[in-house]
Amino acid sequence: MHTIISSLRTIFEGEINTTEQTRKKYSHDASIYEMVPEAVLFPKDAMDIKKLVHFVSQSKAEYPALSITPRSAGTDMSGASIGNSLLVDMTRHFSTLHSVSRTEIHTQPGVFMHDIDPVTNEKGVMLGCVPASRAINTIGGMVGNNSGGEQSLRYGNTENFVKELKVVFADGKEYTVKPLNKRELEIKMAQGDFEGELYRKIYDLIEANYDEIKNARPKVNKNSMGYNLWSVWDRHTGIFDMTRLITGSQGTLGVITDIKMHVVPKAPHSGLLVLYLPDIKQLGSIIKTVMDHQPATFEGFDDITFNLGIKHFNLFQKQLGMKEWLKTQAHLLGSVAKFKGHIPNMVLMVEFEGDTQQEVLAKINELKSQMSGFKLKMEIEGSEEESKPFWTIRRASLMLLRQKVHDKYASPFMDDLTVQPKYLPEFLPQLRKIIRKYKLPATIAGHYGDGNFHIIPLMGISSPAEQAKLEPTMREIIPLVLKYNGTLAGEHNDGMVRGPWLPAVFGDHVYQLFRQTKDIFDPQHIFNPHVKTGAAWDYSMDHIRTNNGQELIK
Ligand SMILES: Cc1cc2nc3c(=O)[nH]c(=O)nc-3n(C[C@H](O)[C@H](O)[C@H](O)COP(=O)(O)OP(=O)(O)OC[C@H]3O[C@@H](n4cnc5c(N)ncnc54)[C@H](O)[C@@H]3O)c2cc1C
């Protein structure tokens, strides 16, 4: 490997770091896995990525272990932004936000959402698919994972926002990928080059299995499992959109170098109805009542998160600003005091939007009066400002667990289950039974309106006894999720943790179609080979992190 990296240095313009310290630093993402790369690369520009991909393609036969894992902020929870060969950090040089207009954002993939948010806010627009990790993730990672967030209730995941991508494919060339009409598709397929072959083969694969592929899409509002073959080709509209396949492909089909996405208008006013549930058993019926009122977003978190949020609220001091922090902390502590020592089992945040604050308050009050039958504590946070502490705790929930619970690791493996909300009254008790059976003290937060739950057990993940719980738990959860036509991942994708279960979820034939898709794009498997269809359970288990460490993601 030493020789090959020396050869790479002669053509690669960006930095290549092989120090132990850096390799170790990049050996984790937010998943339960660890893998030390041979080298961390910081490509200068698209030309550098083209040279790198070409070099790896040419060298793969001689060095089969050589591969490329694209990485942005490394907040992936499925083990898809770590690798054992060349880890390519996109945040150093692909960090230019080109433009934001009333309809579109044009950016390089390594731009952090915390740099995009203020610019879109100023323009009165937003991306409706930004994850709860918006303080720490990038836009390239969102495309990589087909991420979703609180606004996905209305807008769906990132795939719905992608307009045009530039991608370096396995032949080492950069291509523009965008929706094509039938005529444009025919021209592409007639090309005698790698790109022409790619379009031809994917078109043939989808056409030959059209109905099966369309039916394979999990029947939920959001899904990021598998390859999005069902969204690429529509016989009725005649649109062939390969961006759908790249979105959510976790760096397994190519390296994204440029992104254009749609934006949507941001409502001028918003506010929350906060519901404090003493008993999680009520959740199913409450979700139904809330959803009938068509809220803009519907999120929630449990008592463990709530407690941590209150106890460590000073962590958010910087984020909210000192003066405001004092005000909001007092306010939040005030609301907790109302429980006279009884922390609620669950906190639900129902958000409404409007053109005026009065409109927002009217919507909130209407729901509040409907909810009176449930005999809950409820509180109105009638403006965006007042809502902020709750959003801060919700979005920081996993980081709080990681930083503040020292002897256990917040371990994502059943972290993204999604079923249609109408099934929740039946689904949740059965799920709780499995969690109890395997003694998994789990925290729950999530996008409740989508039926999308982030269940994160606190585990001594380095202990074999704890690790032994993973497989049987998955084996019990999968049939339960399938019984309700759901998915194991609404937004966190497959990676190393769910990749091995793709055949169990989609059936062997659709899984083979996913494999063929990978082979068409990446015949030598040079891109992120240990995730999605390339994942194997034993291999993943061999790479479980060896400590319960609390190191921060890069
Ligand atoms: C506290 C916390 C909360 C979270 N909440 C949510 C949530 O609400 N919703 C959600 O969807 N996710 C959530 N996540 C998961 C994660 O933050 C998101 O998926 C995020 O969009 C990943 O962005 P990133 O920049 O960290 O990407 P990375 O982790 O670096 O990469 C993600 C994937 O994209 C690929 N990739 C990155 N850049 C490129 C590129 N240029 N070309 C090709 N492939 C690329 C990587 O190979 C990897 O497979 C959360 C994570 C944490 C830690």
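In this report, the structure presented in the accompanying data block is examined.

**Description of the site of the ligand**
Around the ligand, the surrounding shell holds 34 residues, and the nearest of these are Pro70, Ser72, Thr75, Ser133 and Gly148. Taking Thr75, its side chain carries an N or O atom lying 2.5 Å from an oxygen atom of the ligand. A distance of 3.3 Å is found between an oxygen atom of the ligand and a backbone nitrogen or oxygen belonging to Gln250. When the ligand is considered free in solution it has 970 Å² of accessible area, and contact with the protein chains removes 98% of it. Elements with a contribution of two residues or more to the shell around the ligand: strand 3 (68-71), helix 5 (139-145) and strand 12 (255-262). For the shell around the ligand, the leading source of residues is helix 5, giving 4 residues. Within the shell around the ligand, the residues separate by chemical class into 13 nonpolar, 18 polar and 3 charged.

**Some details on the packing of helix 8 (residues 194-208) against helix 23 (residues 508-521)**
At their nearest, the axes of helix 8 and helix 23 sit 10 Å apart, and the two run at 170° to each other. It follows from the interaxial angle that helix 8 and helix 23 lie roughly antiparallel. Of the residues in helix 23, those touching helix 8 at Phe194, Leu198, Lys201, Ile202 and Leu205 are Leu513, Gln516, Thr517, Ile520 and Phe521. A breakdown of the residues in the contact of helix 8 with helix 23 according to their chemical character gives 7 nonpolar, 2 polar and 1 charged.

**A short note on the pairing of strand 8 (residues 162-168)**
Most of strand 8 is tucked away, with 5 of its 7 residues classed as buried. Across 6 bridges, the pairing between strand 8 and strand 12 is antiparallel. Across the sheet, the residue bridging to Val168 is Val255, located in strand 12. One ladder, built from 4 bridges, connects strand 8 with strand 9 (residues 174-177); its direction is antiparallel. When the sheet's bridge partners are listed, Val168 is paired in strand 9 with Glu174. Hairpin connection of strand 8 to strand 9: 5 residues between the antiparallel strands, including Gly172 at a positive phi of 80°.

**Considering helix 23**
Here helix 23 spans 20 Å end to end across 14 residues, near enough to the 20 Å set by a 1.5 Å rise per residue. Where the residues of helix 23 are buried, they touch helix 8, helix 9 (210-216), helix 10 (243-246) and helix 22 (502-506).

**As for the nonpolar core**
Residues Leu127, Met261, Leu275, Leu283, Phe427 and Leu488 are the most contacted members of the largest nonpolar core, which totals 140 residues. At 7 residues, the largest contribution of residues to this core is made by helix 8. If we skip the residues at most four places from it in the chain, Phe427 touches Leu417, Val419, Leu480, Val481 and Tyr484.

**So, the sheet that holds strand 8**
The 5 strands are arranged 5-6-12-8-9 in an open sheet whose pairing can be described as antiparallel. The open sheet has two edge strands, strand 5 (97-100) and strand 9, and neither has a second partner. The mean angle between the axes of side-by-side strands here comes to 15°, regardless of whether they run parallel or antiparallel. On top of the sheet, helix 4 (residues 113-123) reaches strand 5 and strand 6 (104-107); it is set at about 20° to strand 5, its chief contact.

**Remarks on the sheet that holds strand 1 (residues 15-17)**
Overall, mixed pairing links the 4 strands, which are arranged 1-2-4-3 in an open sheet. The open sheet has two edge strands, strand 1 and strand 3, and neither has a second partner. Direction aside, neighbouring strands of the sheet carry axes that sit 25° apart on average. Both strand 2 (residues 39-42) and strand 4 (residues 86-89) contribute to a ladder of 3 bridges, which runs parallel. Bridge pairing in strand 4 links Ala39 to Leu86. Most of the contacts of helix 1 (residues 2-9) go to strand 1, to which it runs at about 165°, and overall it touches strand 1, strand 2 and strand 4.

Criteria and cut-off values
Counting restarts for each chain, with residues numbered from 1 along the sequence as it is written. Selection of residues for local features in this predicted model requires a pLDDT of at least 70, selection of side-chain atom pairs for listing and counting requires 80 or more, and totals for whole chains, interfaces and linings are taken over all residues. Heavy atoms throughout the structure, all of them, feed into the side-chain values; hydrogens and water do not. If a single non-hydrogen atom of a residue is within 4 Å of a molecule or strand, that residue counts as near it. Between N or O atoms, a polar contact is any pair within 3.5 Å; within protein, one atom must be a potential hydrogen donor and the other a potential acceptor, and residues adjacent in sequence are included only when both atoms are from side chains. Values of accessible area rely on a 1.4 Å probe in the Shrake-Rupley scheme; residue burial ignores everything except the protein chains shown. Working definition: helices are DSSP H or I runs of at least four residues, strands are E runs of at least two. Numbering for both runs from the N terminus. In this count, Pro and Cys sit with the nonpolar residues alongside Ala, Val, Leu, Ile, Met, Phe, Trp and Tyr, while Asp, Glu, Lys and Arg are called charged and the others, Gly among them, polar. Axes, fitted as lines to C-alpha atoms, cover a helix only where it is in contact. Angles between the N-to-C directions of the axes lie from 0 to 180 degrees. Geometric relationships in this document are graded by angle, where less than 35 degrees denotes roughly parallel, more than 145 denotes roughly antiparallel, 65 to 115 denotes roughly perpendicular, and other angles denote oblique. We call two residues contacting when some pair of their heavy atoms lies within 4.5 Å. Buried, partly exposed and exposed residues are distinguished by accessible area as a fraction of the type maximum, computed with a 1.4 Å probe on protein chains only: under 20%, between the cut-offs, and over 50%, respectively. A pair of strands is labelled paired if DSSP reports no fewer than 2 bridges between them. Each residue after the first adds 1.5 Å to the expected span of a helix. Among the buried residues, those of types Ala, Val, Leu, Ile, Met, Phe, Trp, Tyr and Cys that are joined through side-chain atoms within 4.5 Å form a nonpolar core.

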